[in-house]
Amino acid sequence: MKDTPMRIVVVWSCSVLYAVAGSAMATLVSGADGQNLAARRAFDRADSGEWNEVFSDPCTEDWQARWFLDGEIGSVSTDEKGMQMTAGPQYKNNAHHMVLWTKESFQGDLRIDYEYTRLDFETRCVNIIYIQATGSGEEPFVKDITQWNELRRVPAMSMYYDHMHTYHISYAAVPGSDSEYIRARRYMPNRTGLKGTELTPDYAPKGLFEPGVPHQITIIKKARDLFMRIKNADQVYYCHLTNSKLPVITEGRIGLRHMFTRSARYKNLRIETPAS
């Protein structure tokens, strides 16, 4: 009998490893949840249908044409490789955070896609994407966040979770450590800080976001659910994060946060809405 060449595809789905050899599938479950491709299938369902592009930035041109910046220490630059964001170097100095916001605001369900390459070698702090951020509505934190940009010249985290409605996903969080995680929140302004804002579940990826390695990130927001796919040359990782009890987020700007000390490059950022 002739030997049949073996092709191995590695897919991480919520800490489940699948090894596919030819037409046979062997399943190795490394986590206690045994979700068996649930997050991948949920992502695929959310990603079905047609999408219309409503925002596109190659991230190689003048960044100020499409974005504005919170913070006075962090820097943004562009070249043919993409858009580099570098926060300030001082750990635990709130002035060294930075957030880059789209000038446009977006309504309804969204599909966000971009290439992300980590440039720092930190094992502390996180990157965050804000999905559809608006102000709390209480003076001076009115719905349109551009009306209180001056209050975010020092972009302390509390200025956002205490005074904005938004979804937030932390990723490339404490990378390379045993505490690495992906976590989502729904901010509830004027309450008790971050307490009770978590979406479920948390994830603990391994082998993602090594410095210099491009990752293609796709995030789909559908009402109470966030679906995330992260791809690099070696693996694909899926997350499904659910807002089961807090009000739905329906509109707002997209923001990219780097905590102090963190640096990364972005390229080809696109935002789409459902065609229907």
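Residues numbered from 1 in each chain as written. Predicted model: local features only at pLDDT ≥ 70, side-chain atom pairs only at ≥ 80, totals over all residues. Heavy atoms only, no water.

Quick look at the overall build of the protein now. Secondary structure assignment for the protein yields two helices and 18 strands. Taken across its 276 residues, the protein has 49% of its residues classed as buried. Excluding contacts between residues fewer than 6 apart, the proportion of contacts in the protein whose partners are at least 24 apart in sequence is 70%. Approximately 12600 Å² of the protein is accessible, and the part contributed by carbon and sulfur atoms is 48%. (Helix = DSSP H or I, 4+ residues; strand = E, 2+ residues; numbered from the N terminus. Buried < 20%, exposed > 50% of the residue type's maximum accessible area, 1.4 Å probe, protein only. Contact = heavy atoms within 4.5 Å. Areas by Shrake-Rupley, 256 points an atom, 1.4 Å probe, with all protein chains shown as cover.)

This part is about the side chain of arginine 152. Relative to the assigned elements, arginine 152 resides in the loop between β11 (127–135) and α2 (157–161). Assessed through its relative accessible area of 0%, arginine 152 is described here as buried. Separated by 2.6 Å, the side chains of arginine 152 and aspartate 70 make a polar contact. Polar side-chain contacts of arginine 152 include one of 2.9 Å to the backbone oxygen of isoleucine 145. Every residue in contact with arginine 152, bar those within four places of it in the chain, is listed here: Phe68, Asp70, Gly71, Trp101, Ile145, Met159, Tyr160 and Met164. (Polar contact = N/O pair within 3.5 Å; in protein donor to acceptor, adjacent residues only side chain to side chain.)

Attention shifts here to the packing of aromatic side chains. Applying the stated criterion across every chain, the model contains 16 aromatic pairs. Judged by centre distance (5.6 Å) and plane angle (90°), the ring pair of tyrosine 116 and phenylalanine 209 falls under edge-to-face. Within this pair, whereas tyrosine 116 is found in strand β10 (residues 110–118), its partner phenylalanine 209 is found in the loop between β13 (181–186) and β14 (214–222), the two being separated by 93 residues in sequence. Summarising the aromatic geometry, the rings of tyrosine 130 and tyrosine 187 are spaced 5.9 Å apart at their centres and angled 70° between planes, so their arrangement reads as edge-to-face. Of this pair, tyrosine 130 sits in strand β11 while tyrosine 187 sits in the loop between β13 and β14, and the two are 57 residues apart along the sequence. The class of tyrosine 130 is buried, set by a relative accessible area of 0%. We classify tyrosine 187 as buried; its relative accessible area is 0%. Among the aromatic residues, those joined into a cluster by ring pairs are Trp101, Tyr130, Tyr160, Tyr161 and Tyr187. (Phe/Tyr/Trp six-rings, centres within 6.5 Å; stacked < 30°, edge-to-face > 60°.)

On to helix α1 (residues 38–46), then. Within the span of α1, buried status applies to Ala39, Ala42, Phe43 and Ala46. Down the axis of α1, the smallest arc covering the buried residues is 100°, so these residues share one side. (Arc of directions from axis to C-beta.)

So, about unusual backbone geometry. Across the junction of glutamate 139 and proline 140, the peptide omega takes the value 0°, indicating a cis bond. As for its placement among the helices and strands, proline 140 is situated in the loop between β11 and α2. Along the chain, threonine 200 connects to proline 201 via a cis peptide bond; the corresponding omega equals -10°. Along the chain, proline 201 turns up in the loop between β13 and β14. One non-glycine residue, lysine 92, lies in the positive phi region at around 70°. Residue alanine 172 is not a glycine yet carries a positive backbone phi of 45°. The exposure class of alanine 172 is buried, given its relative accessible area of 1%.

All right, on to the nonpolar core then. Formed by 42 residues in total, the largest nonpolar core has its most connected members in Tyr114, Ile129, Ile169, Tyr171 and Tyr266. The residues touching tyrosine 171, leaving out its near neighbours within four places in the chain, are Tyr114, Tyr116, Val126, Asn127, Ile128, Ile129, Tyr181, Ile182, Phe209, Ile217, Met228 and Tyr266. Among the nonpolar cores identified, the runner-up in size contains 22 residues, and Tyr130, Trp148, Met159 and Tyr181 belong to it. (Core = buried A, V, L, I, M, F, W, Y, C linked by side-chain atoms within 4.5 Å.)

Position of threonine 273 among the secondary structure elements: in strand β18 (residues 263–274). On the basis of relative accessible area, threonine 273 is assigned to the buried category, the value being 16%.

A few words now on the pairing of β18. Inspection of the sheet shows strand β4 (residues 51–57) paired to β18 by six bridges, in the antiparallel sense. Its bridge partner lying in β18, phenylalanine 55 is registered against isoleucine 271. As judged from the four bridges shared by strand β7 (residues 82–86) and β18, these two strands associate in the antiparallel manner. In the sheet register, methionine 85 faces β18, and the bridge partner there is alanine 264. When β10 meets β18, the two strands line up antiparallel, connected through seven bridges. Directly across from arginine 111, in β18, lies its bridge partner glutamate 272. (Pairing = 2+ DSSP bridges.)

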